[in-house]
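Geometric and topological summary
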Amino acid sequence: MELFPPIPYAGWSDTLATVHRVAQVVGRVRLLASPRRNHWWNVPFHLSGRGITTRPMGLDPTFTVDLDLLDHRLDVSTTEGRRVSSSLLGRSVADVHAGLVAALTELGIDVDIADAHPFDLPDADRPFSADTEHASWDAAAVTRYFQVLSQVNLVLEEFAGGFSGKTSPVHHFWHTFDIAVTRFSDRVVDLPAADPVTREAYSREVVSSGFWFGDASYPDPAFYSYTAPEPAGLETEPLPEGASWLARGGSHLAVLPYDVARTAPDPRAAVLAFYEAAYTAGATRAGWDVAGLACTDGVTDPLR
């Protein structure tokens with residue numbers, strides 16, 4: 001299939017809202033059952049060959065929850081070979097939540113998500129168990145989302161290989177529903193007024209690069225990068241043609257619209273050039289050792 005096929009936000013916004021909440025239902029299991037990692041690295045999803053996965057969790061039993069986005073099923077599996085599987089087609093968020101609770105119970109998995117709510121969404125006051133509103137599941141659009149996600153995942157993996165410092169995995173966040181990789185400096189950041197989630201996520205200086213599918217406030221898919229804390233003058237740094245600095249939430253995002261990238265002569269190269277320019281701008285302005293942290297082709301061997 002083509003690299004970066006069309007996926008306009010308006011064409012699947014209702015389904016996106018449902019998929020986002022289904023992902024948050026599963027994400028609550030991941031949050032409760034996974035060993036804690038710095039910067040919440042334990043919480044997001046990773047890509048599988050058929051969708052997104054929590055990765056293994058727990059010891060009694062060890063299990064995974066997978067969203068199969070080709071057959072549109074939710075699978076809860078244990079390493080002993082037991083599995084409970086249910087369809088995602090034609091079901092509301094409340095139905096999916098009830099099915100997941102039942103599957104966990106059937107498999108003897110002690111994770112309580114009965115009263116789980118959406119995180120940082122407009123309906124955060126309503127438990128998933130009562131959400132019969134979100135029930136749109138356009139199978140073709142969901143599969144397209146997974147295919148785009150898989151392609152972006154590999155481009156981000158390639159970009160991640162150019163940095164030898166501390167870096168996150170490439171992972172898919174069920175909070176903001178984006179996929180990202182984050183580079184860190186060793187400078188501690190104190191955010192006393194922020195909430196605990198934000199304080200842990202941004203306890204060190206970061207330059208984060210990723211992709212999101214659009215939302216009501218920015219209804220277009222786009223590649224992005226930001227530096228936090230944002231150094232003075234960042235928004236004056238040059239970006240490749242078609243990219244720009246977007247003022248958002250009191251700071252600035254470097255944004256390359258998806259449609260600009262996908263129609264470039266070499267879409268992969270366009271995205272990598274964008275990520276590199278935005279990272280260099282942020283890291284340079286923040287005083288990082290950009291040359292010393294570089295890692296050509298993912299190799300740190302000084303004898304190569």
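Parameters at a glance
Residues numbered from 1 in each chain as written. Predicted model: local features only at pLDDT ≥ 70, side-chain atom pairs only at ≥ 80, totals over all residues. Heavy atoms only, no water. Axes fitted to C-alpha atoms, helices over the stretch in contact; angles between N-to-C directions. Helix = DSSP H or I, 4+ residues; strand = E, 2+ residues; numbered from the N terminus. Parallel < 35°, antiparallel > 145°, perpendicular 65-115°, else oblique. Left-handed = near helix turned anticlockwise from the far one by under 90°. Contact = heavy atoms within 4.5 Å. Nonpolar A, V, L, I, M, F, W, Y, C, P; charged D, E, K, R; others polar. Salt bridge = Lys/Arg side-chain N within 4 Å of Asp/Glu carboxyl O. Buried < 20%, exposed > 50% of the residue type's maximum accessible area, 1.4 Å probe, protein only.

Turning next to the packing of helix α3 (residues 139–160) against helix α6 (residues 267–285). Contact geometry for α3 and α6: axes closest at 10 Å, N-to-C directions at 45 degrees. When the interaxial angle is binned, α3 and α6 end up oblique. Here the hand of the crossing between α3 and α6 comes out right-handed. The residues of α6 that touch α3, namely those facing Val 155, Leu 156, Glu 158 and Phe 159, are Arg 268, Val 271, Leu 272, Tyr 275, Glu 276 and Tyr 279. Residues of the contact of α3 with α6, tallied by class, amount to seven nonpolar, no polar and three charged.

This part takes up the pattern of salt bridges. Overall, the coordinates contain eleven salt bridges when judged by the stated rule. Between Arg 262 and Glu 2 there is a salt bridge, with the nearest N and O atoms lying 3.3 Å from each other. Residue Arg 262 is found in helix α5 (residues 258–262), and its partner Glu 2 is found in the segment before α1 (9–33); the two are separated by 260 residues along the sequence. On the accessibility criterion, Glu 2 (44% relative accessible area) is partly exposed. Close ionic contact of Glu 237 with Arg 285 constitutes a salt bridge, the shortest N to O distance being 2.7 Å. You can see Glu 237 sitting in the loop between β9 (222–228) and β10 (244–248) and its partner Arg 285 sitting in helix α6, a full 48 residues away along the chain. For Glu 237, a relative accessible area of 23% puts it in the partly exposed group. Within the structure, one salt-bridge network assembled from shared partners comprises Arg 21, Asp 123, Arg 126, Asp 131 and Glu 133.

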